[in-house]
Every structure is written in structure tokens, then in C-alpha cells.
Amino acid sequence: MHKQYHCISKDSVHYQVSPLTMSPAAGPKVLHVAGHSSCGFYNRITKCLSSVSLLFPNRLRVIEHEFDDRTMYRQWLVEDGFRNNFCDQEGKEHVACPIVWISNNPIDGDPDPADIEKYLGGHDATLDWCRDFMEPAPFAPIKPEPETVNDGHKADHGYDYDLVVIGGGSGGMAAAKEASILGAKVALCDFVKPSPQGTTWGLGGTCVNVGCIPKKLFHIGATLRESIHADANFFGISSVGVKPDDMMGQLPNMKTETHWNVIKDNIENYIRSLNFKYRVGLREKSVQYLNKLATLKDAHTVEVVDKKGNVSQITASRVLVAVGGRPTPLDCDGGNLAISSDDVFFLNQDPGKTLCVGASYISLECAGFLAGIGNDVTVAVRSILLRGFDRECSERIGDYMKEHGVKFKTQVTPSKLEKLEDDRIKVTFSDGTDDVYDTVLAAVGRTADTAKLGLESVNVVTNPKNRKIMTKFEQSSCPNIYAVGDVMEGCPELTPVAIQAGKALARRLFGGSKESMDYVNICTTVFTPIEYSCVGLSEEDAIAKHGEDGIEVYHREFLPLEWSLSQMRHDSNAFAKIVVDKKSADEKVIGMHYVGPNAGEIMQGYGVSMKNGLTYRQLVDTVGIHPTSSEELVTLSITKSSGADAAAGGC
Ligand SMILES: Cc1cc2nc3c(=O)[nH]c(=O)nc-3n(C[C@H](O)[C@H](O)[C@H](O)COP(=O)(O)OP(=O)(O)OC[C@H]3O[C@@H](n4cnc5c(N)ncnc54)[C@H](O)[C@@H]3O)c2cc1C
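Residues numbered from 1 in each chain as written. Predicted model: local features only at pLDDT ≥ 70, side-chain atom pairs only at ≥ 80, totals over all residues.

**Considerations on helix H15 (residues 599-611)**
Argument step 1. The end-to-end C-alpha distance of H15, which contains 13 residues, comes to 18 Å, matching closely the 18 Å that a straight helix rising 1.5 Å per residue would cover.
Argument step 2. Along its length, H15 reaches its greatest deviation from straightness, about 25 degrees, at Gly 605.
Argument step 3. Residues Ala 599, Ile 602, Met 603, Tyr 606 and Met 610 constitute the buried set of H15.
Argument step 4. Residue Gly 613 follows H15 closely and has a positive phi angle near 80 degrees. (Helix = DSSP H or I, 4+ residues; strand = E, 2+ residues; numbered from the N terminus. Expected span 1.5 Å × (residues − 1). Bend = angle between axes of the 7 residues up to and from the residue. Buried ≥ 20, exposed ≤ 12 C-beta atoms within 10 Å, placed from the backbone.)

The following block contains the structure:
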């Protein structure tokens with residue numbers, strides 16, 4: 001039973017939001033302050049809190065619990081043990097006046113243990129909290145001014161070029177064009193070494209030829225087919241001659257066939273058009289394009305070899321290495337029989353029954369679209385899916401893929417691949433089992449393409465584990481040699497990162513800019529059959545950084561409207577979750593995650609807000625767009641710590 005005390009409990013007079021209409025998550029912060037009227041510290045802190053709540057009535061509500069004298073206050077706090085209700089040891093030992101705590105769900109009247117969310121402290125801790133509360137969120141993060149070593153570049157350097165870029169992928173092309181726009185004389189060398197299976201492609205690097213673009217187009221094809229199978233009939237669309245009435249109540253199965261050569265040829269033709277556009281783009285920007293394999297001979301000399309084996313040398317004041325990476329080969333007996341993501345988009349026939357080796361996003365995305373266009377697909381996973389991503393979201397992806405026909409062989413690696421007489425591949429796994437596949441696709445990681453670049457000859461330090469170039473503000477240990485994109489240690493392996501870093505570097509080298517590249521809070525999307533997009537920290541990383549007590553997770557599971565009519569979709573849900581820094585004043589958002597349709601489209605805008613210090617309060621103050629999945633992110637109120645079910649009701 002709650003004991004009655006001789007204290008006056010009064011609400012801050014400035015509070016303007018009705019407690020009945022206020023969701024605890026979206027309403028003002030509620031602070032309880034208890035003390036006795038003869039205490040100077042109590043009087044000072046109540047005045048201070050009262051002023052803050054007057055200034056920010058919609059953000060702060062204060063409930064004062066005033067005792068007549070010190071004895072009564074001590075009796076309530078210490079002898080009767082109100083302080084024992086705090087989780088923190090510091091709270092349990094608090095004796096001074098005042099004591100302040102944050103409320104969970106404000107209950108009127110005397111101090112109630114049920115009303116405690118967290119112990120705040122005494123006079124000094126509350127003043128600190130007020131300072132933090134009133135400090136405006138920085139509009140944009142302050143980027144450090146790059147500290148780089150003088151690379152000796154002079155206007156009259158006497159070399160052939162101001163800049164030679166090695167690698168014509170996302171990062172190299174962006175840097176080369178930007179530098180040229182800024183008046184530099186630039187050459188760009190791009191040469192595609194054939195994959196071990198002999199696949200080769202045109203200008204533009206991984207993204208456009210064997211990465212983002214063909215992958216997303218195959219994913220779109222697979223999603224389209226899934227929609228035809230799972231949704232079309234429920235929207236009254238059927239094959240000619242089949243009445244929708246005949247199908248309701250049973251699983252409709254519109255018969256479809258995917259023609260590999262059509263999708264593959266159309267994608268290939270589109271990529272060719274992009275290759276051509278890139279060549280034109282370089283010409284228009286006056287960048288000298290050399291379709292040649294480049295090797296560093298010394299810090300200013302690059303040896304280039306064309307397709308016919310003709311060797312020549314060019315010199316440059318500055319060199320940018322942007323050679324990206326290549327798939328790591330499968331390290332087992334017969335591993336050379338496996339193809340990689342460098343080959344899959346160019347296969348002349350449907351890969352058929354396929355084993356995807358690896359739990360990386362590339363493996364899961366390939367498995368997803370191959371299954372989505374109708375193939376029998378198995379993924380071999382050594383340990384966990386999508387290492388580095390949020391665990392809960394990664395597991396949801398695995399579950400969805402399993403429910404949608406992708407098989408998983410877990411805790412195994414292939415130990416042997418053998419070619420059979422019918423050209424199929426027999427795979428023996430580490431657990432002794434085996435199976436036969438038409439295609440084995442290895443996606444077990446990527447290795448920086450620096451092995452034969454001559455970096456040792458110019459003392460460019462690389463990470464021995466992955467051969468990536470160590471840099472400080474993109475400058476390597478050889479001052480006039482720089483690196484951007486996948487080849488740079490610590491750079492997220494994403495196209496827009498390479499592009500932005502390349503442009504920023506070019507502006508610093510040739511445009512007088514002091515802006516460094518900001519590698520923090522970069523949005524990314526995994527284009528698995530159910531898409532997953534995120535920005536900021538995973539729940540696990542947030543706990544590692546802020547402690548379990550330092551974060552809160554708001555989450556919700558829901559059925560997206562586009563899936564609501566289809567009986568075939570009712571086992572699947574989308575999921576949204578945000579991770580906040582509980583100790584910051586308005587609960588700074590430190591991670592956002594969304595698993596569901598159109599994830600990439602949803603997360604991009606939130607990424608802008610995250611870059612600008614988004615708080616939970618700002619998020620829930622934002623009016624959603626209805627009916628969309630994106631609005632779920634601005635209406636999240638179920639906390640993980642409450643233990644309440646993340647599955648939400650309707651609108
Ligand atoms: C299957 C797959 C899917 C992906 N999906 C996405 C996605 O959805 N979103 C995303 O943001 N990112 C994605 N990526 C990653 C993205 O493609 C890379 O991060 C990006 O291409 C890196 O750009 P880069 O400039 O560092 O290198 P690259 O684009 O790899 O370009 C390097 C270029 O240098 C050339 N080269 C290498 N050595 C030499 C040399 N010695 N001389 C001359 N030329 C040389 C190479 O042939 C290549 O053309 C994906 C990657 C893969 C493999």
C-alpha cells in the first residue's frame with residue numbers, strides 16, 4: 001500500500017498538455033523533485049525547474065513533493081525507504097536534499113514508486129541535466145578540419161598530370177571529374193582484369209557492372225514475380241479465363257515462367273548504355289581516359305599496360321588509388337568451380353539449382369533474387385547472417401527468406417567441390433553431408449585489389465589482413481598518394497560513400513576546400529526479398545557503446561498495407577525499430593532500422609535527420625504520411641524495456 005506523507009505534491013503551473021491525451025513517450029518529460037521547504041538547494045532547484053518548464057511547457061513538466069521539514073523528508077526517503085525503489089546504487093544511497101527522478105507515466109499525488117523511470121540525482125546533477133536539456137541540438141555535426149601532410153604539389157610541378165586516378169569505379173570517376181572541373185589536368189586508368197571464370201565488363205567499376213545496378217534490377221524482377229504470385233489475385237487480377245471468385249480462400253498460383261536470357265540481356269544492354277555514358281562523361285569533363293592496367297613505379301610514376309600488352313609510363317604530381325575490391329575466392333578443394341558476383345549477372349544460362357556460400361549481404365541478396373525468379377536456392381552459412389548488422393533485423397530477414405523458399409544450411413562450410421559428368425557440381429560440406437548443384441556462387445567476402453599495384457615500392461602502408469590502404473583523411477603514408485572507396489581501410493563499402501569521398505578529396509586537393517568526408521551515420525540497404533535499411537548503430541553496438549541502461553529501443557511489428565489483402569502475406573510482417581540514447585535530454589536517436597517493403601526509399605530521408613542530430617522527441621513531433629510504412633517510424637511508442645508486444649494495432 002502506498003503510504004501517505006505530510007508533503008504537498010504540486011504540478012508545475014506551466015504544464016499545458018492534458019495528461020489524459022498525452023502518450024508518455026511523446027509528451028513532455030516529467031521530473032519529480034522532492035525536498036523540504038527549509039532547504040536552500042531544494043528551493044533553488046525547484047525555481048530553476050519551474051523556469052525551464054515555463055520556457056518549454058511542451059517539453060517539461062515538474063511535479064514537486066515538498067515536505068514540511070528535514071526530519072519528515074529523511075523519514076520518507078531513508079527510514080521508510082522510498083530511495084530503495086531506485087535501480088541505481090547511487091539512488092538507493094541518496095540522503096541529501098533534494099532528490100530528483102524522471103517519471104515513467106505521471107501519477108498524481110504523493111511520490112509513488114510506480115512513477116519512477118530513472119533516478120536523476122540531487123541539486124548539482126539536476127542543474128547539469130537542465131543545461132543539457134536546453135542546449136540546442138547542433139544543426140550539423142562539426143566535421144574535423146583535415147590534418148594532412150604537405151604532399152609537395154606545386155603549380156609548376158613538371159609532371160604529365162596534376163592527378164592520375166587508378167580505377168574508374170564510383171570513387172575514381174567522381175574524383176577525376178571533380179578535379180578536372182576545378183582545373184586540374186587529370187588522367188584516369190581503368191582496366192578490368194577478367195574474373196577467374198573469364199568474365200569481364202566495361203567502364204564504371206563494380207557498382208554499375210557487377211554490383212548495385214544489376215543486383216537491384218534482378219531484385220526488382222524477383223519482387224515483381226513475387227507480387228504476381230502473392231498479391232495479384234487478391235487485387236482481382238488473374239490470368240485470362242480464371243475468375244477471381246474461383247481463387248479466393250485458396251492459395252492462388254498464377255503460373256509464370258522467368259526467361260533468364262531476357263532479363264539478363266536487358267540488364268546487360270542497360271549496363272552497356274551506362275558504360276558509354278561514363279566514357280562520354282569523362283570526355284566532356286576533359287578527363288583523359290586510359291583503358292589500361294596501372295602499376296605504381298615510384299611516387300610520381302605510373303606504368304600503364306593496354307589490352308595488347310603495350311607498356312608506357314605517365315607521371316603525376318598526385319595519384320589517387322581507387323581500385324576497389326574483388327570477390328575473395330572459395331578456399332577449399334575445387335573452390336575454382338564456384339562463380340562469384342563478378343560472374344552471376346553475365347551467365348549465359350539460368351544458374352538453376354544454386355548454392356550461395358556465405359552469409360554476407362551479397363550472398364543473401366543473390367540467393368534472394370535467384371530464388372525470387374524461380375530457382376531452387378540454398379545458402380551455406382558458417383556462423384551468423386549479416387555480421388555487423390542489427391541481430392534482430394538480420395534474423396527477421398533469414399526467417400522471411402526461409403518462409404519464401406530459400407533453404408539454409410547452417411554451421412557448415414563447403415569442404416570440397418567436384419565437377420560431375422553432367423557438368424553439375426557436387427558439394428561436400430564440413431558436416432559430412434553433400435548435395436549436387438547446377439551453380440555454386442561464392443560470396444565469402446571481398447579483398448582489396450592491391451596485390452600487384454606496386455604499393456610496397458612507394459611505401460604505402462596496407463592492412464595485412466585485407467590489403468586495404470591505411471589513410472588519414474584519405475592520404476596514405478606516401479603523402480602524394482591518396483585512396484578512396486572500397487580500397488581504403490575503414491571506408492564503408494558503398495557506392496555513394498566512394499563518390500562523396502572522391503569529390504570531397506578533389507575539392508580539397510584542387511579547390512581549396514577544408515571539408516573532410518564524414519563517414520558517420522551512413523544509410524544502407526540490404527536488398528533481400530524483404531528489404532532491410534538502417535542508419536546509425538545496431539542495438540548490439542549501441543549497448544556496447546552506451547551500456548544496457550544507457551539506451552532504449554522503440555519498436556513495432558506491423559502488416560504493411562500493400563500486403564493486407566493477400567492471404568499469402570499474412571505470416572509476414574514488417575518491423576521498425578529505433579535505438580535512442582536514454583541519457584541525452586530529448587533521447588537522441590542513435591540507430592534506425594526498418595525491415596519491410598521499399599526500405600531503401602524509406603530510410604534515406606531519416607538519414608538526413610540523423611546527420612543533423614535527430615531526437616526521439618523530434619521524430620514523434622513529426623506528423624506522418626498516411627497510410628505508409630514510413631509513418632510507423634514517427635509513431636513508435638512501444639519500448640522494448642516495457643516488455644510490451646511489438647505488434648501494433650491499426651490506425
Ligand atoms: C554484388 C554487389 C552488390 C552491391 N550492392 C551495393 C548497393 O546496393 N549499394 C551500394 O552502395 N553499394 C553496393 N555495392 C558496393 C559498391 O559496388 C562498391 O562499394 C563501389 O563500387 C566501390 O567503388 P570504388 O570506386 O571503391 O571501386 P570499384 O567500383 O570497385 O572500382 C574499381 C575500378 O578499378 C579498376 N582497377 C582495379 N585495379 C586497377 C589497376 N591496377 N589499373 C586500372 N584499373 C584498375 C577495376 O577494374 C574497377 O573498374 C555492391 C557490391 C557488390 C559486389
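**Overview of the packing of helix H1 (residues 40-55) against helix H4 (residues 123-134)**
Packed helices, taken two at a time, are described by the angle their axes make and the gap between the axes.
Argument step 1. Interaxial distance between H1 and H4 falls to 10 Å at its minimum, and their mutual angle equals 15 degrees. For the element pair H1 / H4, the angle class is roughly parallel. Considering the relative orientation of H1 and H4, their crossing is left-handed. Within the contact between the two elements, H1 uses Phe 41, Arg 44, Ile 45, Cys 48 and Val 52 and H4 uses His 123, Thr 126, Leu 127, Cys 130, Phe 133 and Met 134.
Argument step 2. Partitioning the contact of H1 with H4 into residue classes produces eight nonpolar, two polar and one charged. (Axes fitted to C-alpha atoms, helices over the stretch in contact; angles between N-to-C directions. Parallel < 35°, antiparallel > 145°, perpendicular 65-115°, else oblique. Left-handed = near helix turned anticlockwise from the far one by under 90°. Contact = placed C-beta atoms within 7 Å. Nonpolar A, V, L, I, M, F, W, Y, C, P; charged D, E, K, R; others polar.)

**So, helix H5 (residues 170-181)**
Argument step 1. Compared with the 16 Å implied by 1.5 Å per residue over 12 residues, the 17 Å span of H5 between its first and last C-alpha is a close match.
Argument step 2. Burial within H5 is extensive, with 11 of its 12 residues counted as buried.
Argument step 3. Looking only at H5, the buried set comprises Ser 170, Gly 171, Gly 172, Met 173, Ala 174, Ala 175, Ala 176, Lys 177, Glu 178, Ala 179 and Ser 180.
Argument step 4. Just past H5, the residue Gly 183 takes up positive phi, approximately 100 degrees.

**Some remarks on the site of the ligand**
Argument step 1. In the vicinity of the ligand there are 35 residues, among which Gly 167, Gly 169, Gly 205, Gly 324 and Gly 485 approach most closely.
Argument step 2. Looking at the shell around the ligand, the elements with two or more residues in it are H5, helix H6 (205-210), helix H7 (212-230), strand E9 (293-298) and helix H13 (495-510).
Argument step 3. No other element matches H6, which puts four residues into the shell around the ligand.
Argument step 4. The residue inventory of the shell around the ligand, partitioned by class, reads 17 nonpolar, 13 polar and five charged. (Near = placed C-beta within 6 Å.)

Functional significance is not addressed by these values, which are geometric in nature.
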